[in-house]
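Residue strings, one per chain:
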Amino acid sequence: MNTVSERIRTLMSAHPVVDAHSDYAVELYRREQDGAADALAREHLPALREGMVSMEVLTVAGDFDIDTLKLWDHRLMRGIIDATRRQIDAHEEFHLVRSAADIAEAARRSGTHFMLALEGIRGVEDLAALRLLYAADVRSVILTHNERNLAADGCGEPLPGGLSKFGRAVVREMESLHMVLDLVHLSDPSFWDAVDHYTLPPVVSHSNARALCDHRRNLTDEQIREVGRRDGVIGLNFLAMFIDADRGKATADRLADHAVHIASLAGPQALALGPDYADYYMDAMERWLERDRLPADLMAFIPGAETVRTLPVFIQALADRGFTDEELIGIIGGNILRLYSTVLSTSA
Ligand SMILES: [Zn+2]
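Remember, it's a predicted structure, so these values are computed and weren't measured experimentally. Along each chain, residue indices are assigned from 1 in the same order as the chain's sequence is written. Per-residue local features are limited, in this predicted model, to residues with pLDDT of at least 70; the limit for side-chain atom pairs, both in listing and counting, is 80 or more; totals at the level of whole chains, interfaces and linings are taken over all residues. Processing note: side-chain calculations cover all non-hydrogen atoms of the structure and skip hydrogens and water entirely.

## What to know about the environment of Trp-192
Working definition: helices are DSSP H or I runs of at least four residues, strands are E runs of at least two. Numbering for both runs from the N terminus. Of note, Trp-192 is situated in helix H8 (residues 188-196). For every residue, the accessible area obtained with a 1.4 Å probe (protein chains only) is divided by the maximum for its type, and the residue is called buried under 20%, exposed over 50%, and partly exposed between those limits. Among the residues examined, Trp-192 registers a relative accessible area of 29% and is labelled partly exposed. In this structure, the C-alpha to C-alpha distance between Trp-192 and Ile-88, residues 104 residues apart in sequence, is 35 Å. The contact criterion used throughout is that any non-hydrogen atoms of two residues lie within 4.5 Å. Leave out the neighbours within four places in its chain, and Trp-192 touches Glu-222, Gln-223 and Glu-226.

## Some remarks on the packing of helix H6 (residues 127-135) against helix H7 (residues 165-177)
Running from amino to carboxyl end, H6 crosses H7 at an angle of 30°, the nearest separation of the two axes being 10 Å. Taken together, the axes of H6 and H7 are roughly parallel relative to one another. Handedness of the crossing formed by H6 with H7: right-handed. Packed against H6, whose contacting residues are Leu-127, Leu-130, Arg-131 and Tyr-134, the element H7 presents Phe-166, Ala-169, Val-170, Glu-173, Met-174 and Leu-177 at the interface. Residues are grouped as follows: nonpolar covers Ala, Val, Leu, Ile, Met, Phe, Trp, Tyr, Cys and Pro; charged covers Asp, Glu, Lys and Arg; every other residue, Gly included, is treated as polar. Here the contact of H6 with H7 is built from residues that sort into 8 nonpolar, no polar and 2 charged. Lines fitted to the C-alpha atoms define the axes, with helices restricted to the stretch that makes contact. Angles between their N-to-C directions range from 0 to 180 degrees. Geometric relationships in this document are graded by angle, where less than 35 degrees denotes roughly parallel, more than 145 denotes roughly antiparallel, 65 to 115 denotes roughly perpendicular, and other angles denote oblique. Whether a crossing is left-handed or right-handed is set by the direction in which the near helix is turned from the far one by less than a right angle, anticlockwise for left-handed and clockwise for right-handed.

## So, the coordination of the zinc ion
Each metal's donors are the N, O and S atoms within 2.8 Å of it, or within 3.2 Å when it is Na, K or Ca, and because water is not part of the set, sites may look incomplete. Those protein atoms acting as donors to the zinc ion are Glu-119 (OE), His-185 (NE2) and His-206 (NE2), and they sit at 2.0 to 2.1 Å. Here the donor residues of the zinc ion are spaced in sequence according to E-x65-H-x20-H. Of this pair, Glu-119 sits in strand E6 (residues 112-119) while His-206 sits in the loop between strand E9 (203-204) and helix H9 (221-229), placing them 87 residues apart in sequence. Overall, the relative accessible area of 0% leaves His-206 in the buried class.

Structure, rendered in structure tokens:
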């Protein structure tokens, strides 16, 4: 059932495969504190190779905590960015994405590429901080996690507003720096406010369709159409809770329903992969679920494609639903690389 055909293996090995959202940079830092200075090469590279993934977008700071680590703390942000950059620099196969020229390299699948991203800007109190993070090679920004911060309201706020004056200034500054705006996690008013102040194509890196799974983290049909109109891209999220209200029904085929739905509204060129994998810190996730008395299976992923090693299982599910080779090449990475190339086009 979970076998991946030769057609899909050939396609994925010949074309770039981009995971548009992953959170393990904090683990690289944590492992360094424990004396393992090369977890990226020793632990993640074999997994990426097995899953045929050639580029990842890594969260280096955010508005959430993992155990006692608060990812908006300045010292921690510096530590994570520093550890991640050093581990990328240390291996000749690894490349840090800074520019459209780097994206062209990633499109050729020349090694393994990484882009640094923020998942919430609670630690960014002014535009100078944003510009310094740009100077540290951060290229993609989610304005907030599920809550409210200085810039924007997230989708978890009970009476959400949109962007603050500061949030609007951040979005305009991102545009002038040619940074990628990621609309994931925003409240609906923040989503619409953000697209009003940014003219480049936006990303929604790890969300599905609300029409198929009525969750605040998913996108309405109107939002999906807007992303499509702006040549934006939506990364499909592999977490069961964002796929089906009945998590037991959240299969790879059910996620393919979201792909078909999004393609019907915005076109197949608006699709990408944002699996949101968390297996590398599942122990911390389990402690969090227990602490907050949440269901133990809340962080379940689609069966058969639970880690980056088995990501191709979902591509097979898309192929089984009739997506053509050309469409699949776009979904696995071509579409989001096109967007990154457009947005980063004039950056250094
Ligand atoms: Zn997220």
